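A look at the structure
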Amino acid sequence: MLSRKLQDALNEQINREFFSEYFYLSMSAYLESVELEGFANYFNVQAQEEHFHAMKMFNFVHDKGGRVLLKALKEPRADFKSVIKLIEEALDHERYITKSINELMDIAIKENDHSVKSFLEWYVDEQVEEEATMSKLIAKLKLINGEGLGLLTLDNELLTRTFTPEA
Ligand code: FEO
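So, here's what we can say about the structure. (Residues numbered from 1 in each chain as written. Predicted model: local features only at pLDDT ≥ 70, side-chain atom pairs only at ≥ 80, totals over all residues. Heavy atoms only, no water.)

The number of helices and strands found in the chain is 5 helices and 0 strands. The C-alpha radius of gyration computed for the chain amounts to 17 Å, which stays within 12% of the reference 15 Å derived for 167 residues, consistent with globular compactness. Dimensions of the chain, computed from C-alpha atoms along their principal axes, come out at roughly 55 × 30 × 25 Å. Burial analysis of the chain (167 residues in total) assigns 47% to the buried set. Contacts spanning at least 24 positions in sequence make up 82% of the contacts within the chain whose residues lie at least 6 apart. (Helix = DSSP H or I, 4+ residues; strand = E, 2+ residues; numbered from the N terminus. Rg over C-alpha atoms; globule rule 2.2 N^0.38 Å. Buried < 20%, exposed > 50% of the residue type's maximum accessible area, 1.4 Å probe, protein only. Contact = heavy atoms within 4.5 Å.)

Spelled out as structure tokens, the structure:
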């Protein structure tokens, strides 16, 4: 059984994960509009990962006998100044998600709910990877100045990213 406070906090996090999916889909749509198909693919796959994060939590709340309550999603931004700025925004968003996962973990620790703590460990680890991946992409873009042949080569590389759901 989940406490009311933890259930509410998990429902808020489910909303944030679905918003992340929506936000990255909006980024993917923008990148398609500027003919960066590889980057568009990268964020399309990222959106699928966020859907997985949301559904993993959705199913956990049910497994714990809780009630999932879905909330409205904010309208995501549709336009970005450059591909570097877009990925910097994605990194800022991931940092915000990391903070929210940590706050959720703080509640689970305070309530001494071991199953929620154990469940959230996966998200804590995942956030390290999420932030690192975005940071590396920004570093690569800065190396090539975010333009020219370097940008096209990187765009080509990103076409190969696929989503592999966990077993
Ligand atoms: Fe679900 Fe990118 O954090």
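What the rule picks out here adds up to 10 aromatic pairs. Consider the rings of Phe60 and Phe119, whose centres lie 3.8 Å apart with planes at 5°: the pair is stacked. With Phe60 in helix α2 (residues 37–63) and Phe119 in helix α4 (residues 114–143), this residue pair connects regions lying 59 residues apart in the sequence. Summarising the burial analysis for this pair, Phe60 and Phe119 share the class buried. Members of the aromatic cluster, each reached through a chain of ring pairs, are Phe52, Phe60, Phe119, Trp122, Tyr123 and Phe163. (Phe/Tyr/Trp six-rings, centres within 6.5 Å; stacked < 30°, edge-to-face > 60°.)

Moving on: the pattern of salt bridges. Evaluation of the coordinates by the stated rule reveals 7 salt bridges. Close ionic contact of Glu12 with Lys71 constitutes a salt bridge, the shortest N to O distance being 3.9 Å. Of the two residues, Glu12 is situated in helix α1 (residues 4–33) and Lys71 in the loop between α2 and α3 (83–110); the sequence distance between them amounts to 59 residues. Using a relative accessible area of 34% as the deciding quantity, one classes Glu12 as partly exposed. Note that Glu89 and Arg77 form a salt bridge whose closest N and O atoms lie 2.2 Å from each other. With Glu89 in helix α3 and Arg77 in the loop between α2 and α3, the pair connects residues that are 12 residues apart, well separated along the chain. (Salt bridge = Lys/Arg side-chain N within 4 Å of Asp/Glu carboxyl O.)

Bringing the packing of α1 against α3 into the picture now. To describe two helices that pack against each other, one gives the angle between their axes and the distance between the axes. Taken N-terminus to C-terminus, the directions of α1 and α3 make an angle of 170°; their axes are 11 Å apart at the nearest point. In terms of orientation, α1 and α3 fall into the roughly antiparallel class. Of the residues that constitute the contact of α1 with α3, the class distribution is 18 nonpolar, 4 polar and 5 charged. (Axes fitted to C-alpha atoms, helices over the stretch in contact; angles between N-to-C directions. Parallel < 35°, antiparallel > 145°, perpendicular 65-115°, else oblique. Nonpolar A, V, L, I, M, F, W, Y, C, P; charged D, E, K, R; others polar.)

Counted at 1.5 Å a residue, the expected span for α3 with its 28 residues is 40 Å, and the 41 Å between its end C-alpha atoms agrees. After α3 finishes, the residue Asn112 shows a positive phi value of roughly 55°. (Expected span 1.5 Å × (residues − 1).)

Attention now goes to the environment of Gln127. Considering the arrangement of structural elements, one finds Gln127 in helix α4. If near-sequence neighbours (up to four positions away) are discounted, Gln127 is found in contact with Glu94, Ile97, Thr98 and Ile101.

A general feature of soluble globular proteins is that nonpolar side chains tend to end up buried together. Counting residues in hydrophobic clusters, the biggest one holds 26 residues, and the most contacted among them are Leu31, Phe39, Phe43 and Ile87. Contributions of two or more residues to this core are made by α1, α2, α3, α4 and α5 (148–158). If near-sequence neighbours (up to four positions away) are discounted, Ile87 is found in contact with Phe39, Phe43, Met134, Leu137, Ile138 and Leu141. Counting 22 residues, the second largest nonpolar core, distinct from the first, contains Leu10, Val61, Ile101 and Leu120. (Core = buried A, V, L, I, M, F, W, Y, C linked by side-chain atoms within 4.5 Å.)

We now examine the side chain of Glu17. Examined against the element boundaries, Glu17 turns out to sit in helix α1. Buried charged residue Glu17 carries no salt bridge. Nearest counter-charge: Arg16, at 7.6 Å. With sequence-adjacent residues up to four places away left out, Glu17 is seen in contact with Glu50, His53, Ala54, Ile97, Ile101 and Tyr123. (Lys, Arg positive; Asp, Glu negative; His and termini not counted.)

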